[in-house]
Amino acid sequence: MTLREINSKMVEATVAPGQRLFSQRGAMLAYRGEVSFTPNVQGGQGGVMSMIGRRLANEDTPLMTVEGNGTVLFGHGGHHVQVIRLTGDTLYVEADRLLAFEGTLQQGTMFLGSQGGVMGMVRGQVSGQGLFTTTLKGHGAVAVMAHGGVFEVPITPQRPVHVDPQAYVAHHGDVRNKLSTALGWRDMVGRGSGEGFQLELSGSGAVLVQASEEKL
């Protein structure tokens, strides 16, 4: 099974017997062959705990299980899409930015506070994004969505990267995150994004950044 970009806003998935993939509900644009789409009540590969984590995070993005023999075109809302191929590593991505991913990947949920401590928890409150991030691990392909295109920024031990929390799409590698601010707490009142808040990513890996701060 493969995912490939058709253009900047569509991907094509090849579905083969005995294999499956997961997609966001409403993402199917067209298909050829004998393909079935079934609502996934357990939150994908992560099972019940993944579903609970996403609901606690207000990220209850329904998934569809896709099986059969044929090809499917996926897209959603005219958003930019990009395919990421994992070769045993872990991708951390906001649940509502997932368009589709192969069933060979193991899905889970990470509490951001476990990496960023208290400030990781604050990030979810001030940026409007969840306290939980979806994880996808293993070998396979993932299609993610963003506004205005995606740029991958390398993260090295000597050079951490600072990202606006609402421009963040995903990251991978041996990376730690924490929220920092250039403003005092009184100055932050009423501010939900922008230069007042910065998500600092350090370690070795890369972060995907979207061209717009608009939420999906």
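J.: Looking at this structure, how should I read the overall build of the chain?
T.: A tally of helices and strands in the chain yields three helices and 13 strands. By residue count, 51% of the 216 residues in the chain fall in the buried class. The contacts in the chain between residues at least 6 apart in sequence include a share of 81% that link residues at least 24 apart. Counting only carbon and sulfur atoms, one obtains 52% of the accessible surface of the chain, whose full area is about 10000 Å².

J.: It is not clear to me how the side chain of Thr-135 should be interpreted in this structure. Could you clarify?
T.: Looking at the element boundaries, Thr-135 is found in strand 9 (residues 132–146). When sequence neighbours within four positions are dropped, the list of residues in contact with Thr-135 reads Thr-90, Leu-91, Tyr-92, Gln-106, Gln-107, Gly-108, Thr-109 and Met-110.

J.: Quick question: what am I supposed to make of the pattern of salt bridges here?
T.: A pair can form between side chains of opposite charge whenever their charged atoms are brought close. Considering all chains together, one arrives at two salt bridges under this definition. Residues joined in a network through salt bridges with shared partners are Arg-4, Glu-12 and Arg-32.

J.: Just checking my understanding: could you explain the environment of Glu-102 for this structure?
T.: Within the secondary structure layout, Glu-102 lies in strand 7 (residues 98–102). For Glu-102 and Phe-22, which are 80 residues apart along the polypeptide, the C-alpha to C-alpha distance reads 6.3 Å.

J.: Looking at this structure, I do not really get the pairing of strand 2 (residues 10–15). What am I missing?
T.: Judged from the five bridges that link them, strand 1 (residues 2–7) and strand 2 form a sheet pairing that is antiparallel. Its bridge partner lying in strand 2, Arg-4 is registered against Glu-12. Hairpin geometry of strand 1 and strand 2 is characterised by an intervening segment of two residues between the two adjacent antiparallel strands. Pairing of strand 2 with strand 5 (residues 63–74), which is carried by five bridges, proceeds in the antiparallel orientation. In the sheet register, Thr-14 faces strand 5, and the bridge partner there is Thr-71.

J.: Help me out: how do you make sense of the environment of His-162 in this one?
T.: As for its placement among the helices and strands, His-162 is situated in strand 11 (residues 161–163). Judged by its relative accessible area of 42%, His-162 is partly exposed. Considered as a pair, His-162 and Val-207 are 45 residues apart in the sequence and their alpha carbons are 9.8 Å apart. Here the side chain of His-162 touches Glu-200 through a polar contact of 3.4 Å, side chain to side chain.

J.: It is not clear to me how the pairing of strand 3 (residues 20–24) should be interpreted in this structure. Could you clarify?
T.: A regular strand carries its side chains on alternate faces of the sheet. For strand 3, a buried count of four out of five residues is recorded, marking the element as mostly surrounded by other parts of the structure. Here strand 3 pairs with strand 5 via five bridges, running antiparallel. Bridge pairing links Ser-23 to Met-64 in strand 5. Pairing geometry for strand 3 and strand 7, over three bridges, is antiparallel. Bridge assignment links Ser-23 to a residue of strand 7, and that residue is Ala-100.

J.: I would appreciate a short explanation of the environment of Ser-204 in the present structure.
T.: Position of Ser-204 relative to the elements: it lies in strand 13 (residues 197–210). Put simply, Ser-204 and Asp-174 are 30 residues apart on the chain and 5.3 Å apart in space, counted from C-alpha to C-alpha. Setting aside anything within four residues of it in sequence, one finds Ser-204 in contact with Ile-155, Pro-157, His-172, Gly-173, Asp-174 and Val-175.

J.: Just checking my understanding: could you explain the confidence of the model for the chain for this structure?
T.: Low pLDDT marks regions whose predicted coordinates should not be analysed in detail. With 69% of its residues at a pLDDT of at least 70, the chain reaches an overall mean of 79. Contacts from residues 47–59, a stretch scored under 50 in pLDDT, to residues over four places away or in other chains number 30 contacts. pLDDT under 50 marks residues 116–130. Its contacts with residues more than four places away, or in other chains, come to 42 contacts.

Rules used in this analysis
- Residues numbered from 1 in each chain as written.
- Predicted model: local features only at pLDDT ≥ 70, side-chain atom pairs only at ≥ 80, totals over all residues.
- Heavy atoms only, no water.
- Helix = DSSP H or I, 4+ residues; strand = E, 2+ residues; numbered from the N terminus.
- Buried < 20%, exposed > 50% of the residue type's maximum accessible area, 1.4 Å probe, protein only.
- Contact = heavy atoms within 4.5 Å.
- Areas by Shrake-Rupley, 256 points an atom, 1.4 Å probe, with all protein chains shown as cover.
- Salt bridge = Lys/Arg side-chain N within 4 Å of Asp/Glu carboxyl O.
- Pairing = 2+ DSSP bridges.
- Polar contact = N/O pair within 3.5 Å; in protein donor to acceptor, adjacent residues only side chain to side chain.
- pLDDT = per-residue confidence, 0-100.

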